[in-house]
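Residue-level structure breakdown
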Amino acid sequence: MADHRTETTPDLVLRALADPHRRQILRLVQHSELAAGQIAAAFPLTQQAVSQHIGVLKQAGLLNERREGVRRLYTMRAEALEPVRRMLSEFWPDALGRLKQAVETAHPRPRQP
């Protein structure tokens, strides 16, 4: 594959994912490789606007690009989400613990006779 990889960071990935159009692009290429024109056809945006969104996703490391002649084909790089997953996991156990405590405080279990 002929693509340039940059180090992905949670901040870059989260900024890329903040836009609903970019999330939709990732959904489109999550399981299959699509050409830029096929991606653009799925949106009521200009080809240039879709290209800019693709550029942001590439910069964040979320897309693989493969050239086939003059066509550019894209697929999602799911492994680029790992830095975000690790960052969120730092907070998630604590949040689940607080939720558990709040639920148990609000709805104590009945005592067994």
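What comes next is a walk through the structure.

**Some remarks on the sheet that holds strand E3 (residues 71-76)**
- An order of E1-E3-E2 is seen for the three strands of this open sheet, with the pairing classed as antiparallel. Two strands in the sheet have a free side with no partner beyond their single neighbour: strand E1 (34-35) and strand E2 (63-68).
- As judged from the six bridges shared by E2 and E3, these two strands associate in the antiparallel manner. Note that in E3 the partner of Leu63 across the bridge is Met76.
- Seen against the sheet, helix H2 (residues 20-29) touches E1, E2 and E3 and runs at an angle of roughly 95° to E3.
- With respect to the sheet, helix H4 (residues 47-59) is in contact with E2 and E3, its orientation differing from that of E2 by roughly 115°.

**Description of H2**
- Taken together, the buried positions of H2 are occupied by Arg22, Ile25, Leu26 and Val29. All buried residues of H2 fall inside an arc of 100° around its axis, so they share one side.
- Residues of H2 that are buried make contact with helix H1 (10-17), E1, helix H3 (36-41), H4, E2 and E3.
- You can read the cap of H2 off the contacts: a side-chain oxygen lies 2.7 Å from the backbone nitrogen of His21, and it is on Asp19.

**Examining H1**
- Those residues of H1 that sit buried are Val13, Ala16 and Leu17. Seen end-on, H1 carries its buried residues on one side only, within an arc spanning 95°. With respect to the buried face of H1, the exposed residues turned more than 90 degrees away are Asp11 and Arg15.

**Details of the side chain of Arg77**
- Secondary-structure assignment places Arg77 in the loop between E3 and helix H5 (82-106).
- In terms of polar contacts, Arg77 uses its side chain to reach the backbone carbonyl oxygen of Gly61, at 2.6 Å.

**Structural notes on the pattern of salt bridges**
- Summed over all chains, the structure comprises seven salt bridges.
- Here Glu68 ties to Arg66 by a salt bridge, and the two come within 3.4 Å at their closest N and O atoms.
- Owing to a relative accessible area of 40%, Glu68 belongs among the partly exposed residues under this scheme.
- Looking at Arg66, the relative accessible area reads 26%, which means it is partly exposed.
- The salt bridge involving Glu68 is made with Arg71; its shortest N-O contact spans 3.9 Å.
- Among the ionic contacts, a cluster of salt bridges with common partners joins Glu33, Arg66, Glu68 and Arg71.

What counts, and at which threshold
- Residues numbered from 1 in each chain as written.
- Predicted model: local features only at pLDDT ≥ 70, side-chain atom pairs only at ≥ 80, totals over all residues.
- Heavy atoms only, no water.
- Pairing = 2+ DSSP bridges.
- Helix = DSSP H or I, 4+ residues; strand = E, 2+ residues; numbered from the N terminus.
- Contact = heavy atoms within 4.5 Å.
- Axes fitted to C-alpha atoms, helices over the stretch in contact; angles between N-to-C directions.
- Buried < 20%, exposed > 50% of the residue type's maximum accessible area, 1.4 Å probe, protein only.
- Arc of directions from axis to C-beta.
- Polar contact = N/O pair within 3.5 Å; in protein donor to acceptor, adjacent residues only side chain to side chain.
- Salt bridge = Lys/Arg side-chain N within 4 Å of Asp/Glu carboxyl O.

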